[in-house]
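Each chain is listed here by its residues.
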Amino acid sequence: MAHRDPPGIIAPHIPADVYRRAEATGQPVVIVVHTTDHDGHPLRQYLFPIVIAGAGVVGVFGLVAAFVALLDFAVHTAVAIGSVAGPVSVGGITLKLARPKD
């Protein structure tokens, strides 16, 4: 029951005959309110870190995917250049990047 009345409004919660008898005799009315204390934490406190971690995982996954795509592009570019250029020499070391088709 989530309905809460503002403080000071207690008449709807007391039977009319009890209220009138207490008013006539001056006897105090004792109101017992039963509350249920929730042990543990609400779901929000667990959900927020999980959402943040999930966003981080998705971001890292996207970064890795972009890096792999960049490497794929670099390899294809190197193969295309190697097939056109023939042997490449750097500092006296000659590399043959592609085999001739026989």
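Residues numbered from 1 in each chain as written. Predicted model: local features only at pLDDT ≥ 70, side-chain atom pairs only at ≥ 80, totals over all residues. Heavy atoms only, no water.

1. A word on the overall build of the protein chain
And then number 1: If you tally the helices and strands in the protein chain, you get 2 helices and 2 strands.
And then number 2: Out of the 102 residues in the protein chain, the part that is buried amounts to 3%.
And then number 3: As presented, the protein chain carries roughly 9600 Å² of accessible surface, and 68% of it is formed by carbon and sulfur atoms. (Helix = DSSP H or I, 4+ residues; strand = E, 2+ residues; numbered from the N terminus. Buried < 20%, exposed > 50% of the residue type's maximum accessible area, 1.4 Å probe, protein only. Areas by Shrake-Rupley, 256 points an atom, 1.4 Å probe, with all protein chains shown as cover.)

2. Some remarks on a nonpolar patch on the surface
And then number 1: The grouping of Leu43, Tyr46, Leu47, Ile50 and Val51 at the surface amounts to a nonpolar patch, some 540 Å² of accessible area in total.
And then number 2: Within the fold, Leu47 resides in helix α2 (residues 43–85).
And then number 3: Using a relative accessible area of 46% as the deciding quantity, one classes Leu47 as partly exposed. (Patch = residues over 30% accessible without salt bridge, like charges linked within 9 Å, V, L, I, M, F, W, Y side chains within 5 Å. Salt bridge = Lys/Arg side-chain N within 4 Å of Asp/Glu carboxyl O.)

3. Some points on helix α1 (residues 16–25)
And then number 1: The buried fraction of α1 amounts to 1 of the 10 residues, a small share that puts the element mostly on the outside.
And then number 2: Gly26 sits one or two residues past α1 and shows a positive phi near 80 degrees.

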